[in-house]
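Inside the fold
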Amino acid sequence: MKILIAISHPSHANFFKEAARILKNDGYEIIISTLNRGRLVQIVDKEYIGFERYIAGEHRGNRFSIILNVNILRFFKLLKISFSKDIDFGLSVGSFTLGAALKLLLKPNIQFDDDPERKMNIFLENITATKVFFPPVIYPGKKVFIFNALKEWSHLSPKYFSPNADFLREFGLKPKEYFLVRDISTGSLNYMKQDPEIILKIAKELPENYKVILSLENKSNFSKYPENWIILNEPVQDFYSLLYYSKLVISTGDSIARESAMLGVPGIYCGFREMKANDILINKGMFFHSKPGDIAGLAKKILNNELNFKRQEDFRNELMTEWEDVTELIVKTVKHYDN
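An account of the accompanying structure is given in this report. As the structure is a prediction and not an experimental result, all values here were calculated from the model.

Moving on, we come to the overall build of the protein. The helix and strand tally for the protein stands at 13 helices and 13 strands. The C-alpha atoms of the protein give 20 Å as radius of gyration, which agrees with the globular expectation for 339 residues (20 Å, within 12%). Sorting the 339 residues of the protein into buried and exposed places 54% on the buried side. Put simply, of all contacts in the protein between residues at least 6 apart along the chain, 60% involve residues at least 24 apart. When the accessible surface of the protein is totalled, it reaches about 15,300 Å², and 52% of it is carbon and sulfur. Averaging the coordinates of the 46 positive side-chain charges in the protein and doing the same for the 41 negative ones gives two points 4 Å apart.

This is the structure in structure tokens:
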């Protein structure tokens, strides 16, 4: 069985990486398609060593590029790959472009999503997917199925991720003596309406008695940030160990704030989007959605131990007991269609 996995965001690369390895070891032929977007190609090449990989589409950070390159031209590229490689099955996170290509070829495809707020995407996913899987943030339907977890759990569950404290030496860091800041580009469709300088405006207000690691999506702006911040050159070898041993994570994008919370590290999300997926972790007390003007004050409370949190591994073990194994769900779904 030949499976095409379409990846258009770094979180999608992480979402499928464990399942892709398991399926490949079980004899399935896995082909990876990636969008040319920022450092995504490099991230995919790092995470999918030994897999056949193609670039389909390019994200140039503007609305015209999203319509033409990310959707229309990418659809034709995915159709060509699917036909020429005789693809039997497709996997993606909400890629209705891959779904449309495989539907034309009468091949099944499964899509995952966690963002019911994007109504048009949901509509297109329902049209093009064989099945769509969501966390418990939406009602099930004819094609919509629910799994009890968030999608980042596919690679962050203790079953698949173990932190490596030795990796911190590369940056001269010690566990819990630094915090990590993630500043995303506002060129994506989801974040075009967001203030691109949220972090820059509050940088000098953040506590100075901790080292700061900066994960910066738009590297051209690096000179605007404090000189003593350590700027990552992604993809780094073990980014999630950096997250795990952070005292706190502040992010203008939603994905890494959720990932930090799942690692048992308090995550402050300061983007403008309201998302039901975030509410799951807000209710567990490890995720905060903060207004830009409140970030520094909240960060100081967390770093000064004024707020109480569950012990890191206890929190993660509770999630492991409560939530489904998302990677196992992906693998079982593929094998169900294979049979």
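Here the narrative resumes.
Another aspect to go through is the sheet that holds strand β7 (residues 144-146). Taken in spatial order, the seven strands line up as β3-β2-β1-β4-β5-β6-β7 in an open sheet, and their pairing is parallel. For this open sheet the edge positions go to β3 (52-58) and β7, each flanked by a neighbour on one side alone. Here the strands of the sheet are splayed against their neighbours by 20 degrees on average, with no regard to which way each runs. Bridging between strand β2 (residues 29-36) and β3 involves five bridges; their strand directions are parallel. When the bridges of β3 are listed, Ile31 appears paired with Glu52.

Analysis parameters
- Residues numbered from 1 in each chain as written.
- Predicted model: local features only at pLDDT ≥ 70, side-chain atom pairs only at ≥ 80, totals over all residues.
- Heavy atoms only, no water.
- Helix = DSSP H or I, 4+ residues; strand = E, 2+ residues; numbered from the N terminus.
- Rg over C-alpha atoms; globule rule 2.2 N^0.38 Å.
- Buried < 20%, exposed > 50% of the residue type's maximum accessible area, 1.4 Å probe, protein only.
- Contact = heavy atoms within 4.5 Å.
- Areas by Shrake-Rupley, 256 points an atom, 1.4 Å probe, with all protein chains shown as cover.
- Lys, Arg positive; Asp, Glu negative; His and termini not counted.
- Charge placed at Lys NZ, Arg CZ, Asp CG, Glu CD.
- Pairing = 2+ DSSP bridges.
- Axes fitted to C-alpha atoms, helices over the stretch in contact; angles between N-to-C directions.

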